[in-house]
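# Observations on the model geometry
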Amino acid sequence: MDLTWSDSEEAFRAECREWLADNVPSGLPSGDTREGFAAHLEWERLLHRDRWAVVSWPEAYGGRDASLWEWLIFEEEYYAAGAPQRITQNGIFLLAPTIFEFGTRAQQDHYLPRMSAAVDLWCQGWSEPNAGSDLAGISSRAVRDDDAGGWRLSGQKTWTTRGAFCTHLFGLFRTDPEAQRHRGLTYFLVPLDADGVTVRGFGRLDGDEGFAEVFLDDVFVPDIPDPEGADEAAMATVMDRGGILGEVNDGWGVAMATTSSERGLTLRSPGRFRATATRLVELASRRAGDPGVSGDMLDAVTEAWIDAESYALHTLSDVTGITEGVSPGARSSYNKVFWSEMDLRLHRAALDLLGPEAELDGPWMKGYQFALSGPIYAGTNEIQRNIIAERVLGLPRK
Amino acid sequence: MDLTWSDSEEAFRAECREWLADNVPSGLPSGDTREGFAAHLEWERLLHRDRWAVVSWPEAYGGRDASLWEWLIFEEEYYAAGAPQRITQNGIFLLAPTIFEFGTRAQQDHYLPRMSAAVDLWCQGWSEPNAGSDLAGISSRAVRDDDAGGWRLSGQKTWTTRGAFCTHLFGLFRTDPEAQRHRGLTYFLVPLDADGVTVRGFGRLDGDEGFAEVFLDDVFVPDIPDPEGADEAAMATVMDRGGILGEVNDGWGVAMATTSSERGLTLRSPGRFRATATRLVELASRRAGDPGVSGDMLDAVTEAWIDAESYALHTLSDVTGITEGVSPGARSSYNKVFWSEMDLRLHRAALDLLGPEAELDGPWMKGYQFALSGPIYAGTNEIQRNIIAERVLGLPRK
Amino acid sequence: MRFAPTEEHTEFADAVRSLLADTCTPADVAASWGGEVGSHTGLGSGDGRVRPAWDALVEMGVLGLLVPEQHGGLQMDFDALAPIVEECGRVALPDPVGDTAGVVAPLLATVAGQGGAVSGPAAEWLSRIASGATVVSGFGAAPLVPSGRTADAFVLFTDDTLVLVEPDDIESRPEDSVDGSRGLVRVEPVSGAGLELASGDVAAAMRAVSFDRAATLDAAMLLGLCSAMLDMTVEYVSERRQFGVPVGSFQAVKHHLADAGSAIVFARPLVAQAAHLLSGGHSALSGGSATVGEAAVAVSMAKSRASRAAQLVSETALQCHGAIGYTVEADLQLFMKRSWALARSHGDEAMHRARVRRHLLGL
Amino acid sequence: MRFAPTEEHTEFADAVRSLLADTCTPADVAASWGGEVGSHTGLGSGDGRVRPAWDALVEMGVLGLLVPEQHGGLQMDFDALAPIVEECGRVALPDPVGDTAGVVAPLLATVAGQGGAVSGPAAEWLSRIASGATVVSGFGAAPLVPSGRTADAFVLFTDDTLVLVEPDDIESRPEDSVDGSRGLVRVEPVSGAGLELASGDVAAAMRAVSFDRAATLDAAMLLGLCSAMLDMTVEYVSERRQFGVPVGSFQAVKHHLADAGSAIVFARPLVAQAAHLLSGGHSALSGGSATVGEAAVAVSMAKSRASRAAQLVSETALQCHGAIGYTVEADLQLFMKRSWALARSHGDEAMHRARVRRHLLGL
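The rules behind the values
- Residues numbered from 1 in each chain as written.
- Chains lettered and ligands numbered in written order.
- Predicted model: local features only at pLDDT ≥ 70, side-chain atom pairs only at ≥ 80, totals over all residues.
- Heavy atoms only, no water.
- Helix = DSSP H or I, 4+ residues; strand = E, 2+ residues; numbered from the N terminus.
- Domains from an automatic or database assignment.
- Contact = heavy atoms within 4.5 Å.
- Buried area = accessible area lost by both parts, 1.4 Å probe.
- Salt bridge = Lys/Arg side-chain N within 4 Å of Asp/Glu carboxyl O.
- Polar contact = N/O pair within 3.5 Å; in protein donor to acceptor, adjacent residues only side chain to side chain.
- Nonpolar A, V, L, I, M, F, W, Y, C, P; charged D, E, K, R; others polar.
- Pairing = 2+ DSSP bridges.
- Axes fitted to C-alpha atoms, helices over the stretch in contact; angles between N-to-C directions.
- pLDDT = per-residue confidence, 0-100.

### Section: unusual backbone geometry
Keep in mind that most residues, glycine aside, have a negative phi and that most peptide bonds are trans. Residue and element names in this part refer to chain B. Positioned with a positive phi, D65 is a non-glycine residue whose angle comes to about 55°. You can see D65 is positioned in the loop between helix 2 (34-49) and helix 3 (68-80). With a phi angle near 60°, A118 is a residue other than glycine that sits in the positive phi range. You can see A118 is positioned in the loop between helix 5 (105-116) and strand 1 (122-125).

### Let's talk about the domain arrangement of chain A
Residue and element names in this part refer to chain A. You can read the domains of chain A as domain 1 (7-87), domain 2 (122-255) and domain 3 (260-392). Distance from the C-alpha centre of domain 2 to the C-alpha centre of domain 3: 32 Å. Taken residue by residue, the interface counts 7 residues in domain 2 and 7 residues in domain 3. When the buried area of domain 2 at its contact with domain 3 is split by residue, S133, L205 and D206 rank highest and sum to 69% of it. Here K366 makes a salt bridge to D208, at a shortest N to O gap of 3.7 Å. Put simply, domain 2 and domain 3 have 1 residue pair in polar contact (both at pLDDT 80 or more) between them. Taken together, the residues of the side of domain 2 that touches domain 3 break down into 2 nonpolar, 2 polar and 3 charged.

### Topic: the sheet that holds strand 1 (residues 135-137) of chain C
Across a sheet, strands are paired by hydrogen bonds formed along the backbone, either parallel or antiparallel in direction. Residue and element names in this part refer to chain C. The 4 strands are arranged 1-3-4-7 in an open sheet whose pairing can be described as mixed. Bordering the open sheet on either side are strand 1 and strand 7 (195-199), each of which pairs with just one other strand. Adjacent strand axes in the sheet meet at a mean angle of 20° when their direction is disregarded. Relative to strand 3 (residues 153-158), strand 1 runs parallel, the two being bridged by 3 bridges. Its bridge partner being in strand 3, V136 is matched across the sheet by F154. Each of strand 1, strand 3, strand 4 (161-165) and strand 7 is contacted by helix 5 (residues 97-114), which is oriented at about 90° to strand 1, the strand it contacts most. Along the sheet face, helix 7 (residues 200-239) touches strand 3, strand 4 and strand 7 and points at about 95° away from the line of strand 7.

### Overview of the confidence of the model for chain C
All names here are of chain C. Looking at chain C, the pLDDT average stands at 92 and 93% of residues meet or exceed 70. A low-confidence stretch, residues 36-41 stays under pLDDT 50, and its non-local contacts, those more than four residues away or across chains, total 18 contacts. Reported confidences for the modelled complex are a pTM of 0.96 and an ipTM of 0.95.

So this is what it looks like as structure tokens:
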């Protein structure tokens, strides 16, 4: 056990902190509204300019080759500084790990720098009207067009976060119409300005236009040319029109790698919840004398704060394991359930402190509504608990 | 809405209260031990002598023809007076309603007075080693013996509460070996002193010998003679050897009536929990100044007390419905889940107040252990929640 | 002993239910939303009122239910109103039925009755309420008044005095609630303006009982909202299929909804008791006539459990709906957001639990 | 940064695990129960000790783990002991390993070290502990001391003084715990008897850190007990069939056990941090060396969450076992009852939460 940070880690922390103190904007409108998204885009490009957008990526793609420990430090400092939500997160945290693992070198070179620079803005196309929790129920299809050398995509994706503001979509389409359930699916990258794509934004629970439906009607996505001897500019032109990630009909395996990032370490770093816990304790300190504030509310604040500490320490333990070659695997479902329900406890505790003022459309009520999505998205907590029971504890499936 | 008691109900209450004040014994050992059971038997016979054993039964069987409201009043006063647990309850509350509904007049006349007088002491024989929650998994069997004019019972019953001290058992046996699950079962009454019966008592969680295994090896139970012109003494002799309640192969329907009593109104009257809640509030008042007692403990006491009030009022509403001809039916599963989990909350709150002294083998720790059985017996709370979902809310079975 | 609404009360509530089914649909509620303070919560540009429903209720006599006959009302008991307000909750009616008919009207009736006068300003307002005037109260802990943007008058408690003020008499500014149909305003304390109804100890006592009435009617409204959320969730999960079966056939979903049902089932008798005791009824469990303190404890039990049910049922309903519930296009949000607001209105779970605790333990 | 036990600590704990698997079976634990005070909890007529396991641990050096080398110990850090005590929990060993090796030994080492003396009574007791003497502490809130019926000596805090007393020096009477292997005695305060170890502020500070060590080791023991209860429940529900399928295939059972697993998983890092900070380690999250106050907060987070896990896991295990778990013949009860006792030993969930709350909010 060694709970000290190295000198270089401390230096990295100091550099983060200083840069954030100088640059973090205040009072951005929600990134899930049209005008807010534009403001956030500026912030993302500033992050990229000073190489803070993707610290753990290779330098060639805009990163700093930071270790997992440094990434944790960055996240801790980022949220402690009150920096804005990352509108690029679906690309950076969900798609990028998949491109690193399954993309060709040409795809990596093409897409990753554009992603880190917030030129390409990616949204995910997992859910469909009849495929929510049951992702394998996907019915959007891709039909082979040998003459044109590619695929023609049709169908409807929905609950696509910030889909109305993004430029690209990644998602699964059924390429083998005979295959059932999770077989015969392929992982596609699709530019949203392609012919046949229609995007309709709609309101999320918190009132922001944070969701979109994406309709695809015979959208053409070309095959990736053979890199051997291909002209680089021609390659880029093709890849601008999208492509397949991984093998045809192997989309489920590719996607599972992505959803596991979503549930696991990368999406929900502890810094985010510790920052919320700190703000909650500040709120409780300010309101502790109010007549409406009772001891049980302060206990709830304390519990939520302990939750955040526990989650942070658990993450240190996970990262230790990963750096020593042990992947959390299905155990990451414990994390998903815990952070999502902790986030609710943090926000409920705050609303209770606010009492009759809680209903005002302020940051804690907004945050509560956002937190309510936690147990639903990225695999409902019911599904996560099944995974824990079956794949971690070893209970019988049936 | 009329929440007043009538003059005759108030008079009934006063009579109960006075008699209990004069007669309730103090400091009886647990009725789930051999010596304690004997002491409780005396108490049961005293109750019977003064017609308090079964107030809602007809006078002819030892009761007072009391209304459901009066029964509630009796229970309220009984537990408020700190009177002992009813070791006869499995007979009175589970079997008797079934005899009233399904028994012949001869069976009623034979068994009910002996039950109210605590001459016959009944235990239930539902569970088997492989049929706990899944009652339909029963494998104990009864084979027809036409020559002898009756049935021969074999098999094993278990978790039979106070089985080692009782005189009779009621339970289900498979009379049609071809039939599956809940078909082909018959409801039998069996004296435990019959040839072929072996009873082995064993320790419950709280250390008392409160459970028994009952082994049946070719135990003969005679057919009930035709009452037309039969000699009364001869009838009684036959019935002393047991018999069938209801129709052959219809035991499931008969038993379901009984388990519904178990879950429903009759077994768990609110008086019991209100008495516990009152003792809990007294405990909290006594310990409120102790350094180990914190505000959240007092909140838990308050919540448990509200639970008991809520349950009592809910019961008044159920009884109103019943007296006006509306049976709670499957809604009684709400009651089962609520009272059993309330009982745990009441006892947890008390143990928390006791702090490091909680582990002592005192009444609250005993009560906690007893309460822990609540969510398990009489149909686990998991099964009750299924019933609520499917039969009250109307969710699809599959 | 009979723990159930009278036949008359049941019939009245049933009539209200069918009336509201026609006049207050989810689309009507959504249309009543307004977001004029620049937030993003607005679905429409309404003012937090569904006037056809309100007018029909006025017509039926609901607003004058507790108004004495001589002032044009039906002069019924307080506990007749609770089942009606529950019906208003079942359709998420935003209009201030409980506040006007159940809080302000009995308060004005007391004031009018104390003078023995059948006329005078309080009596006049009683008649106007019976004919449809909106009078709301500001008895919450915060100076936030729902339906304040359209109210004809407010009853406020300032400087130990109960006053009735009209919009011109006060400073108020609109505030955005998470529920865009609340029509919320923040009323700044003013001195001297309006009609003084009572002062000193009399005013404090009136305020206390008004607070209890308001909390009880919030609880009744919450029961209706919760029942509606449970019903729409049961319907949704029975139809929605995932993994080849209805979502509602999963045991986890069944148990979530069983718990939600239980929270409603065991809160309901507490609300009925509170309304009954506030009507001067006897205490069900102690057997005698309820003191003011006992009635207050009954109210607190009711409101704390109804508030808790609101949180559990709304979160469960959303979870069982999944992403579909997480959109402003789903009706569910209209009910959820109202329930969040009412759960903390006139005392939240903790405040009311603390009142019961003081009763039990003196601390 | 490395948040995991060292290889040496892991190997030591693994060795303890295999040793205890042989020497402390559930049957051995059941045989250690005694009910000599007339209760019905006794399974056997034991004295709360499993001597073959204790002797093997002494042999291995576990009892002298924190004893300085010059007194015959291994002189390791406190955080080496926590994983070992967790292993003791996994088999429900009743003997006072944590108390003797982890609370009394470091306390005596401090006393012996302060005088600079390598000999003297405290030093002598240290050597005896390393060789297997049982010395237990009475630092709980109540004067109840587990393993007090067989202890060679007690460390008590009376009249601002820390004293080491032998059984003849004190009044003590056995008490029945729900866990028949606790060997519980109630020690009456005595004055003047025994060996004074410290007094005044020094004694109070030693008592405080001893309390924190004891609470941390209780938490570690609870982790082991909880893990064992979860494992035996998973095994049981995987085999037990009802309704034609394994009980463990029901989603309700799966979710109960997933929650039980989560309670353990998220308590464990808190316990590891507490043990590390009590060993003088740096604080994982603040990045610096931990103050006494920070260590105490870490201890309280660990104990409150381990205590809560004990309640959840024990109740879940019982519920998933059904009636089979509800008998003294099932091994489960040995683990459940110990967990109930330890959950409230050296501060319960509420007491430790209150300590964290004071740290955060000053109230």
